[in-house]
Number of protein chains: 4
Amino acid sequence: MAIDTAELPDPDDMPPDPEDMPPAGTSTAGPNPGWLSDDELAYVRGRLPVVYVEAVPVRVDGQGLVTEVGLLLRSTPDGVMTRALVAGRVRYGETLRDALFRHLENDLGPMAFPLIPASPVPAQIAEFFPLPGISPYVDERQHAVSLVYVVPVTGSCSPRQDALEVTWMTPDQALAAGTLAELVGGRGRLLRQALASVGC
Amino acid sequence: MAIDTAELPDPDDMPPDPEDMPPAGTSTAGPNPGWLSDDELAYVRGRLPVVYVEAVPVRVDGQGLVTEVGLLLRSTPDGVMTRALVAGRVRYGETLRDALFRHLENDLGPMAFPLIPASPVPAQIAEFFPLPGISPYVDERQHAVSLVYVVPVTGSCSPRQDALEVTWMTPDQALAAGTLAELVGGRGRLLRQALASVGC
Amino acid sequence: MAIDTAELPDPDDMPPDPEDMPPAGTSTAGPNPGWLSDDELAYVRGRLPVVYVEAVPVRVDGQGLVTEVGLLLRSTPDGVMTRALVAGRVRYGETLRDALFRHLENDLGPMAFPLIPASPVPAQIAEFFPLPGISPYVDERQHAVSLVYVVPVTGSCSPRQDALEVTWMTPDQALAAGTLAELVGGRGRLLRQALASVGC
Amino acid sequence: MAIDTAELPDPDDMPPDPEDMPPAGTSTAGPNPGWLSDDELAYVRGRLPVVYVEAVPVRVDGQGLVTEVGLLLRSTPDGVMTRALVAGRVRYGETLRDALFRHLENDLGPMAFPLIPASPVPAQIAEFFPLPGISPYVDERQHAVSLVYVVPVTGSCSPRQDALEVTWMTPDQALAAGTLAELVGGRGRLLRQALASVGC
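*Asks:* Please clarify how the overall build of chain A should be interpreted in this entry.
*Replies:* Tallying secondary structure elements over chain A gives 5 helices and 8 strands in all. Put simply, chain A has 200 residues, and 58% of those count as buried. Nonlocal contacts in chain A, meaning residues at least 24 apart in sequence, comprise 68% of its contacts between residues at least 6 apart. Summed over all atoms, the accessible surface of chain A reaches about 7300 Å², with 58% contributed by carbon and sulfur.

Structure follows, in structure tokens:
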């Protein structure tokens, strides 16, 4: 099975690790209809906006105030380092909370203990289009509608997949122009908006 | 071309009127990639969550306070009358604002003059699944992620398509148990939540 | 010092217990300017809207979904039992987070371990006026602007002060007309709105 | 009557013009209890947080997208020019909508035709303290809890009071570091947060 990581550096919906992958020979007609082969994914991506969830991991103090912001450090196939948010596709049949939890676990490891907000209303909505100019957000692969949440994490983070590292920084550091510029596809703007929603 | 209105009474993404339909013989490979044939729509609906926008039309006074709520009255193919919100699918390549405006115009007519909120963050998010029990919202046709907005309208409404009427009522009337029960698929709950966001 | 509990059954800003009270002989000109004598409080209450925070305590599952709602059971000076939210005044010089934490601890005990939301934007705003008809919310004592939050609690609750009990119920039970009617001053409506913000 | 404009350049709750002022000899015990003499205001300001409303005036296109942001240009008593948001105190007995409308009219003139949002929940909450370090917002005069709204205006603006001008600029211009730095007391941060809530 060809892996579509060639599409990176954007945060991706690729299978994160073996246990999350369908057993060999499993077709999408099987028990988990959320799984799509590469061909299927390419087909539907050209016909419907794809639902994404994104998360800005934060540390909070005892009164909920954000003290640190976590950004993923990823390496693109070309070897370029970029910052990224936790992000990924919502599968067919999957709830937003399940998708958010799955991608947080994939990107931050099983000991991150995220506190997913009680409200399903996201901090911000971002619309990604394959061509620039329609919105501030660009994703060459697809038209995606992304629901962005700020998620406190209480445990320890050990990045998996293609994320090399989770960098924790103060909100002011995360909002510095230099940091925001390291996020691709307009996600620096999105990070700024998400942090604004929590008073940063 | 078979019309999928048989799937009603849910608010639908069907072509609302001739001018909004693709010219005869147009394929989705053509200039408007948002158009899907029935077969294509059926195919993708079984593989991805579909993005919807829904709107609760309201009248407001000079200070923004909601004074009236508009509910659509529809007739199902079986002749059953149901209440509905303005709702419809977001097409590939279409912005949320375009989709919201298009469906408001389709359902309320061209003279409704809706004031789409400045914030893209919806009042509420609803997740519809084909089978009950996964969330409070059910849509037999598909897994849909619906962004729900409260939209003041300032003009006159003349329902088109299959909506027989727009009924204006006070917020208290809209929130009465009897009214909420007339909305199908859990949308009574959604109406209650949307009105809560504007203090009703 | 006369205690203004005679003003109950509304949730109140009275000193909750000895350790939270000013030492005998302390004037408000002293180190804690947030303290007001009864006369001062009565004076300012007739001249400015008073800032309140209110909290709906909830239990959430591992993905943030609200599973239970906590309501305080109080006895009025007349012996009438009423339901109440956690609520209280924001003192001069006190942050909203400090006030929220203080009132949660006063009403739920020191082991409740509340998770105050990262966002300072409340789930709902309620305006209480001494006379009915100006808004849906009435507080005979004052004009209050109340910021209402939904706050997950993770520990065990042992009500203090005048709250006899914290009753945990399902969201549907909390939203039942009979329950909402047990909250005074329009707070049933407020509870409904706050729960709507978390998808209930 | 001494005027407390010496406390400027912060947006202020001072009487904006003669018609809005109490008749000579009127005491606050009179028909409008929201009026406070300078002595009274000074007294209560030292004892309670004061409720403020602030507004970011914007122009939107036909689909609600923010195209321009309006900033007030004020002159301080020292002759320094500063940028400001529409802002002012909520009086005793006054609703938030009334206060918002009153201050918009005072600062933008009677032909601005603001569209006050249907939702009473503000885009952001800011806590101002007399001393720096408690929050990012400072107001030497008082402890204020400010509810910040983004308000589309549809008419023409003719500043009154001490505002010399309303400057309209693009969202990107408003968010430029140079512009944000022209707002005092931390309000540059607040403007950034408010604009983030509408996707800017």
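*Asks:* Explain the relation of the copies chain B and chain D here, please?
*Replies:* Both copies of the chain are related by one operation, a rotation about an axis with a shift along it. Under the fitted operation, chain B is carried onto chain D by 0.0 Å of movement along the axis and a turn of 180 degrees, and the coordinates agree to an RMSD of 0.0 Å. Here the two chains are linked by the operation of a two-fold rotation axis. Closest approach to the rotation axis among the C-alpha atoms of chain B is made by Pro117(B), whose C-alpha sits 4.0 Å away. Interface residue correspondence from chain B to chain D reaches 100%, placing this contact among same-surface, isologous pairings.

*Asks:* Where do I start with the interface of chain B and chain A in this structure?
*Replies:* Size of an interface: often given as the accessible area lost when the parts come together. Listed by partner, the interface residues are 32 residues for chain B and 32 residues for chain A. Carbon and sulfur atoms make up 71% of the surface buried where chain B meets chain A, a total of about 2900 Å² over both sides. When the buried surface of chain B facing chain A is broken down by residue, Arg47(B), Leu48(B) and Tyr92(B) rank first, second and third, together holding 23% of it. The salt bridge involving Glu40(A) is made with Arg47(B); its shortest N-O contact spans 2.9 Å. Secondary-structure elements contributing two or more residues to the side of chain B that touches chain A are α1 (38-45), β1 (50-60), β5 (124-129) and β7 (144-152) of chain B.

*Asks:* Before we go on, may I ask you to explain the pairing of strand β3 (residues 81-84) of chain C in this structure?
*Replies:* All names here are of chain C. Pairing between strand β2 (residues 66-75) and β3: 4 bridges, direction antiparallel. The residue of β3 that forms the bridge with Ser-75 is Met-81. In this structure, the hairpin formed by β2 and β3 is closed by a connection of 5 residues, where Gly-79 is found at a positive phi of approximately 85 degrees.

*Asks:* Can you walk me through helix α5 (residues 187-197) of chain D in this structure?
*Replies:* For an α-helix, 3.6 residues make a turn, and residues three or four places apart therefore share a direction. Residues and elements named next belong to chain D. Of all 11 residues in α5, 10 are buried, a share of seventy percent or more. Inspection of α5 places Arg-187, Gly-188, Leu-190, Leu-191, Arg-192, Gln-193, Ala-194, Leu-195, Ala-196 and Ser-197 among the buried residues, and these make up the whole buried set. Trailing α5 by a residue or two, Gly-199 shows a phi angle of about 85 degrees, which is positive.

*Asks:* Quick question: what am I supposed to make of the relation of the copies chain B and chain A here?
*Replies:* The two copies are related by a screw operation: chain B maps onto chain A through 180 degrees of rotation and 0.0 Å of translation along the axis, at an RMSD of 0.0 Å. The fraction of interface residues of chain B whose copies in chain A are also interface residues reaches 100%, indicating that both copies meet through the same surface.

*Asks:* It is not clear to me how the interface of chain B and chain D should be interpreted in this structure. Could you clarify?
*Replies:* Listed by partner, the interface residues are 18 residues for chain B and 18 residues for chain D. Buried area between chain B and chain D, summed over both chains or domains, comes out near 1400 Å², and the portion from carbon and sulfur atoms is 54%. Of all residues in chain B, Gln63(B), Arg97(B) and Ala118(B) bury the most surface against chain D, accounting for 41% of the area lost on that side. Counting across the chain B and chain D interface gives 0 salt bridges. If you look at where chain B meets chain D, you find 6 residue pairs in polar contact (both at pLDDT 80 or more). Among the elements that make up the side of chain B that touches chain D, the one with the highest residue count is helix α2 (residues 96-108) of chain B (3 residues). For the side of chain B that touches chain D, the per-class residue count stands at 10 nonpolar, 6 polar and 2 charged.

*Asks:* Which parts of the structure should I look at to understand the pattern of salt bridges?
*Replies:* Side-chain pairs of opposite charge can arise whenever the charged atoms involved come near each other. One pass over the structure, following the stated rule, counts 24 salt bridges over all chains. Glu54(A) serves as the salt-bridge partner of Arg187(A), at 3.6 Å between the closest nitrogen and oxygen. Separated by 133 residues along the polypeptide, Arg187(A) in helix α5 (residues 187-197) and Glu54(A) in strand β1 (residues 50-60) bring together distant segments of the chain. With relative accessibility at 4%, the residue Arg187(A) sits in the buried group. By relative accessible area, which is 1% here, Glu54(A) ends up buried. Close ionic contact of Arg74(C) with Asp107(C) constitutes a salt bridge, the shortest N to O distance being 3.4 Å. With a gap of 33 residues between them, Arg74(C) in strand β2 and Asp107(C) in helix α2 (residues 96-108) connect regions that are remote in the sequence.

*Asks:* Explanation requested: the environment of Leu190(D) in the structure shown.
*Replies:* All names here are of chain D. Within the secondary structure, Leu-190 is located in helix α5. The sequence separation of Leu-190 and Arg-74 amounts to 116 residues, and the corresponding C-alpha distance is 18 Å. Ignoring anything within four residues of it in the chain, the contact list for Leu-190 reads Glu-54, Gln-124, Ala-126, Phe-128, Tyr-137 and Val-148.

*Asks:* Can you help me understand the environment of Phe129(A) in this one?
*Replies:* For Phe129(A), the position within the fold is in strand β5 (residues 124-129). Distance in space between the C-alpha atoms of Phe129(A) and His143(A) is 4.5 Å, their sequence separation being 14 residues. The residues contacting Phe129(A), other than those within four sequence positions of it, are Ile134(A), Ser135(A), Tyr137(A), Val138(A), Asp139(A), Gln142(A), His143(A), Gly93(B), Glu94(B) and Thr95(B).

*Asks:* Mind showing me how you'd approach unusual backbone geometry here?
*Replies:* Among all residues except glycine, the phi angle is most often negative; among peptide bonds, the trans geometry is most common. All names here are of chain A. Phi angles above zero are rare outside glycine, and Phe-113 is one such case at about 50 degrees. Examined against the element boundaries, Phe-113 turns out to sit in the loop between α2 (96-108) and β5. Its relative accessible area of 46% is what places Phe-113 among the partly exposed residues.

*Asks:* Teacher, can you tell me more about the packing of aromatic side chains here?
*Replies:* To describe a pair of aromatic rings, you give the distance between the ring centres and the angle between the ring planes. Inspection of the entire model under this criterion finds 6 aromatic pairs over all chains. Look at Tyr43(A) and Tyr43(B): their rings are 5.2 Å apart centre to centre, the planes differ by 80 degrees, and that puts the pair in the edge-to-face class. Taken together, the residues Tyr43(A) in helix α1 (residues 38-45) and Tyr43(B) in helix α1 connect one chain to another. Judged by its relative accessible area of 29%, Tyr43(B) is partly exposed. Ring centres of Phe128(D) and Tyr137(D) lie 5.4 Å apart, and the angle between their planes is 50 degrees; on these two criteria the pair is classed as tilted. If you follow Arg47(A) out to its NZ or CZ, it ends over the ring of Tyr43(A), 3.7 Å from the centre. Sitting above the plane of the Trp168(B) ring, Arg59(B) keeps its charged end 4.5 Å from the centroid.

*Asks:* I would appreciate a short explanation of the environment of Tyr52(D) in the present structure.
*Replies:* By the element assignment, Tyr52(D) lies in strand β1 (residues 50-60). Note: C-alpha distance between Tyr52(D) and Leu164(D) (112 residues apart in sequence) is 22 Å.

*Asks:* Help me understand the packing of helix α1 (residues 38-45) of chain C against helix α1 (residues 38-45) of chain D, please; the structure alone is not making it clear to me.
*Replies:* A pair of packed helices can be characterised by two numbers: the angle between their axes and the separation between those axes. Viewed as axis vectors pointing N to C, α1(C) and α1(D) meet at an angle of 125 degrees, and their least axial separation amounts to 10 Å. Overall, the two elements α1(C) and α1(D) adopt an arrangement that is oblique. Where α1(C) crosses over α1(D), the handedness of that crossing is left-handed. In this structure, α1(C) contributes Glu40(C), Tyr43(C) and Val44(C) to the contact, and α1(D) contributes Glu40(D), Tyr43(D) and Val44(D). By residue class, the composition of the contact of α1(C) with α1(D) is 4 nonpolar, no polar and 2 charged.

*Asks:* Looking at this structure, how should I read the confidence of the model for chain A?
*Replies:* Atomic detail in the predicted coordinates should be set aside for any region of low pLDDT. In the predicted model, chain A carries a mean pLDDT of 85, and 83% of its residues have values of at least 70. Every residue in residues 1-31 of chain A is under pLDDT 50, and counting partners more than four places away or in other chains gives 64 contacts.

So, how was this worked out
- Residues numbered from 1 in each chain as written.
- Chains lettered and ligands numbered in written order.
- Predicted model: local features only at pLDDT ≥ 70, side-chain atom pairs only at ≥ 80, totals over all residues.
- Heavy atoms only, no water.
- Helix = DSSP H or I, 4+ residues; strand = E, 2+ residues; numbered from the N terminus.
- Buried < 20%, exposed > 50% of the residue type's maximum accessible area, 1.4 Å probe, protein only.
- Contact = heavy atoms within 4.5 Å.
- Areas by Shrake-Rupley, 256 points an atom, 1.4 Å probe, with all protein chains shown as cover.
- Least-squares fit on C-alpha atoms with pLDDT ≥ 70 in both.
- Buried area = accessible area lost by both parts, 1.4 Å probe.
- Salt bridge = Lys/Arg side-chain N within 4 Å of Asp/Glu carboxyl O.
- Pairing = 2+ DSSP bridges.
- Polar contact = N/O pair within 3.5 Å; in protein donor to acceptor, adjacent residues only side chain to side chain.
- Nonpolar A, V, L, I, M, F, W, Y, C, P; charged D, E, K, R; others polar.
- Phe/Tyr/Trp six-rings, centres within 6.5 Å; stacked < 30°, edge-to-face > 60°.
- Lys NZ or Arg CZ within 6 Å of the ring centre and 35° of its normal.
- Axes fitted to C-alpha atoms, helices over the stretch in contact; angles between N-to-C directions.
- Parallel < 35°, antiparallel > 145°, perpendicular 65-115°, else oblique.
- Left-handed = near helix turned anticlockwise from the far one by under 90°.
- pLDDT = per-residue confidence, 0-100.

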